[in-house]
Amino acid sequence: MATRRKPPPPATATEPTPPATPSSATSPEQHEIAASKWKKIVTMSLIFVIPYLYLLLFHYEVESELKRSILINAMVSAGGFLVTVKLIPVAAKYVLRRNLFGFDINKKGTPGGNIKIPESLGIAVGVVFLVLAILFQYFNFTADSNWLVEYNAALASICFMMLLGFVDDVLDVPWRVKLLLPSFAALPLLMAYAGHTTIIIPKPLIPYVGLEILDLGWMYKLYMGLLAVFCTNCVNIHAGLNGLEVGQTVVITSAILIHNVMQIGASKDPEYQQAHAFSIYLSQPLLATSLALLSYNWYPSSVFVGDTYTYFAGMTMAVVGILGHFSETLLIFFLPQVLNFLLSLPQLAGIIPCPRHRLPKFDPKTGLLTGTNDGTLVNFFLRLFGRMTEQSLCVSLLVFQALACCFCFLLRWFLTGWYK
């Protein structure tokens, strides 16, 4: 978590700029961020990538043309990973020149707490993601494709949200305004959405409702907009540790990919398969570019992701859930974020005073974090399990995220044939 430093005011005639001294801090131009931890991150990602590739290539008989498109998208995404790893250090120098840097609060009182860490590096990830997604259209979509309009509308919403996130990083928008930003970013997707607006009534409720399928009409689009608002903001508030924002995105995106390939393999409906393939086409680039960012953001972090990344990642996951028609499953994947939101609600609603940074207390002597009474999942874990190092706490929260995703798969298997 960063304490953002704002640009200094311009010098005036009555306040001359002091001359530089040899003891001055290193200038942004001379700043070198730590080397990427890409080998470590790629090794960790194999926990999710290997099951996904096994299901896609061996377990299910996926139609050859569809499999070809998914693999092309995967190769394009792999190229995006390499580009992002190279781009982040370059982008870091530019944001430092504009005084977009922060100090790590969870290292305050140690040498690491005095290092200027470049902020808002989510902009590099978002730009590469959009370029990959646009280039992929050349391999997969024709000019008369039924999916092309929704695909570009999805990219417009993601781009809009990324722009608003960067504006927030620069202008430091109040959090009450932040809640509304995803509503505007979701408009291109909502206006272009031409899919169904129906929901399948759970089998136990059919005798009481009297319908098997219910058309919600405009209420379905309202639900889509609210889902986009929730996913975007819940990633933004479940934060504060090196690697947590990007790590949760990586875990959820991996679960989304596994879910999509399972649905493609289990269905013979071409339209249903294409909807889940559409989700894969956006999830694979998100996973690849996020892994590249995580290689710099993992503890000890050498860059901060900023609201640019959290808004971009949240909107992208909301879009793939909406257009892939698995919003219920997506919400269960977001179970830790839902719990964090519920814990945060009294402070967000103003019932309990809400400080600017709802972070645990750091002891520079021991290097351990202690939970405060603030309503966040981070503090709740510390109160429940005791003091931890920042890295151990982040790993614990990501394991909890993975368990929530596994619970979702188990729940879907248990309810198959009975619930819907």
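The coordinates are above.
Let us look at the structure shown here. The model shown is predicted, which means the values in this text are computed figures rather than measured ones. Along each chain, numbering runs from 1 in the same order as the chain's sequence is written. A pLDDT threshold of at least 70 governs which residues receive local features in this predicted model, and a stricter bar of 80 or more applies before side-chain atom pairs are shown or counted, although totals over entire chains, interfaces and linings include all residues. The side-chain quantities take in all heavy atoms of the structure and omit both hydrogens and water.

What counts as a helix is a DSSP run of H or I of at least four residues, what counts as a strand is a run of E of at least two, and both are numbered from the N terminus. Of regular secondary structure, the chain possesses 16 helices and seven strands. Just to be clear, the radius of gyration here is over C-alpha atoms, and the globule rule we use is 2.2 Å times residues to the power 0.38. The C-alpha atoms of the chain give 22 Å as radius of gyration, which agrees with the globular expectation for 420 residues (22 Å, within 12%). Exposure is judged per residue with a 1.4 Å probe applied to protein chains only, and the accessible area is read against the type maximum: over 50% gives exposed, under 20% gives buried, and values in between give partly exposed. For the chain, with 420 residues in total, the buried portion stands at 50%. Throughout, a residue-residue contact means that at least one pair of heavy atoms, one from each residue, lies within 4.5 Å. The long-range share in the chain, meaning contacts at least 24 apart out of those at least 6 apart in sequence, stands at 75%. Counting rule for charge: Lys and Arg are taken as positive, Asp and Glu as negative, and neither His nor the chain ends is counted. Taken as the charge centre is NZ of Lys, CZ of Arg, CG of Asp or CD of Glu, depending on the residue. For the chain, the distance from the average site of its 28 positive side-chain charges to the average site of its 23 negative ones is 10 Å.

A few words on helix H2 (residues 64-97). Expected span of a helix: the number of residues minus one, times 1.5 Å. Taking 1.5 Å per residue, 34 residues should reach 50 Å; H2 reaches 49 Å between its end C-alpha atoms and fits that length. Maximum bend of H2: about 30°, positioned at Leu87, with proline Pro89 one to four residues after it. Residue Glu63 occupies the N-cap position of H2, its side-chain oxygen lying 3.2 Å from the main-chain nitrogen of Glu65. After H2 finishes, the residue Asn99 shows a positive phi value of roughly 60°. Axes are fitted to the seven residues ending at a residue and to the seven starting at it; the angle between these axes is taken as the bend at that residue. As used in this structure description, the phrase polar contact means that two N or O atoms lie within 3.5 Å; if the pair is within protein, one of them must be able to donate a hydrogen and the other to accept it, and residues adjacent in sequence are counted only when both atoms belong to side chains.

The next subject is a nonpolar patch on the surface. Patch membership needs two things, relative accessible area over 30% and no salt bridge, and members are linked within 9 Å if like-charged or within 5 Å if nonpolar (Val, Leu, Ile, Met, Phe, Trp, Tyr). The accessible surface values rely on the Shrake-Rupley method and a 1.4 Å probe; as for residues, cover is taken only from the protein chains in view. When a carboxyl oxygen of Asp or Glu lies within 4 Å of a side-chain nitrogen of Lys or Arg, that pair is called a salt bridge. Judged by side-chain polarity, Phe160, Leu163, Val167, Val170, Leu171, Leu179, Leu180, Phe184, Leu187 and Met191 come together as a nonpolar surface patch covering roughly 930 Å² of accessible area. Those elements that provide at least two residues to the nonpolar patch are helix H4 (148-171) and helix H7 (187-192). Among the elements that take part in the nonpolar patch, H4 stands out by supplying five residues, more than any other. You can see Phe184 is positioned in helix H6 (residues 181-185). Its relative accessible area of 45% is what places Phe184 among the partly exposed residues.

Before going further, it helps to examine the packing of helix H10 (residues 244-266) against helix H12 (residues 306-323). When two helices pack together, their arrangement is given by the angle between the helix axes and the distance between those axes. In contact at an axis separation of 11 Å, H10 and H12 are set at 15° when each is read in the N-to-C sense. One element, H10, and the other, H12, form an angle in the roughly parallel class. For the pair H10 and H12, the crossing hand works out as left-handed. Across the interface between the two elements, Glu245, Val246, Thr249, Ile252, Thr253 and Ile256 of H10 pack against Tyr309, Thr310, Ala313, Met317 and Val320 of H12. To obtain an axis, a line is fitted to C-alpha atoms, over the contacting stretch when the element is a helix, and the angle between two such axes runs from 0 to 180 degrees between their N-to-C directions. Angles below 35 degrees are treated as roughly parallel, those above 145 as roughly antiparallel, those between 65 and 115 as roughly perpendicular, and all remaining angles as oblique. Rotating anticlockwise by less than a right angle from the far helix to the near helix defines a left-handed crossing, while the corresponding clockwise rotation defines a right-handed one.

Turning next to the state of the cysteines. Put simply, a disulfide is two cysteine sulfurs that come within 2.5 Å. Counting across every chain of the model gives zero disulfides. Note on Cys231: no disulfide assigned, nearest cysteine sulfur contributed by Cys234 at a separation of 5.4 Å. Judged by its relative accessible area of 0%, Cys231 is buried. Assessed through its relative accessible area of 2%, Cys234 is described here as buried.

Turning our attention to the environment of Ala185. Along the chain, Ala185 falls in helix H6. Between the alpha carbons of Ala185 and Ile158 there is a distance of 7.2 Å; along the sequence they are 27 residues apart. In this structure Ala185 touches Ser157, Phe160, Met161, Leu164 and Met315, once residues within four positions along its chain are discounted.

Moving on: the packing of H2 against helix H3 (residues 122-140). Look at H2 against H3: their axes get within 9 Å of each other, and the N-to-C directions meet at 155°. Taken as axis vectors, H2 and H3 run roughly antiparallel relative to one another. The two elements H2 and H3 meet at a crossing, and its hand is right-handed. Here Arg68, Ser69, Ile72, Asn73, Val76, Ser77, Gly80, Val83, Thr84, Leu87, Ile88 and Ala91 of H2 come into contact with H3, specifically with Ala124, Val125, Val128, Leu132, Phe136, Phe139 and Asn140. Of the residues that constitute the contact of H2 with H3, the class distribution is 12 nonpolar, six polar and one charged. The residue classification treats Ala, Val, Leu, Ile, Met, Phe, Trp, Tyr, Cys and Pro as nonpolar and Asp, Glu, Lys and Arg as charged. All others, Gly included, are polar.

The rule is short: rings of Phe, Tyr and Trp, with Trp giving its six-membered ring, pair when the centres are within 6.5 Å, and they are stacked under 30 degrees, edge-to-face over 60, tilted in between. The final tally for this structure, using the stated rule, is 13 aromatic pairs. Centre to centre, the rings of Tyr138 and Phe139 are 5.3 Å apart; their planes meet at 85°, and the pair counts as edge-to-face. The class for Tyr138 is exposed, based on a relative accessible area of 72%. Taking the relative accessible area as the measure of exposure, Phe139 reaches 40% and is therefore partly exposed.

This brings us to the pattern of salt bridges. For side chains of opposite charge, pairing can occur when their charged atoms come near one another. Throughout the structure, instances matching the rule amount to four salt bridges. With a closest N to O distance of 3.3 Å, Glu65 and Arg68 form a salt bridge. Highlighted residues: Glu65 and Arg68, both in helix H2, separated by three residues, approximately one helical turn. On the accessibility criterion, Arg68 (41% relative accessible area) is partly exposed. Between Lys107 and Asp104 there is a salt bridge, with its nearest N and O atoms 2.7 Å apart. With relative accessibility at 2%, the residue Asp104 sits in the buried group. Connected through salt bridges with shared partners, the residues Asp104, Lys107 and Glu390 form a single ionic network.

A few words now on helix H14 (residues 335-348). Quick reminder: α-helices carry 3.6 residues per turn. Residues three or four places apart thus point the same way. If you check H14, its first and last C-alpha atoms are 19 Å apart, about what 14 residues at 1.5 Å a residue would give, namely 20 Å. Along its length, H14 shows its largest kink, about 30°, at Leu342, and proline Pro346 lies within four residues downstream of that point. Taken residue by residue, H14 has Pro336, Gln337, Asn340, Ser344, Gln347 and Leu348 as its buried positions. Looking at the buried residues of H14, the elements they touch are helix H5 (175-178), helix H9 (218-237), H10, helix H13 (327-333), helix H15 (377-385) and helix H16 (390-415). Directly beyond the C-terminal end of H14, a positive phi value near 85° is found at Gly350.

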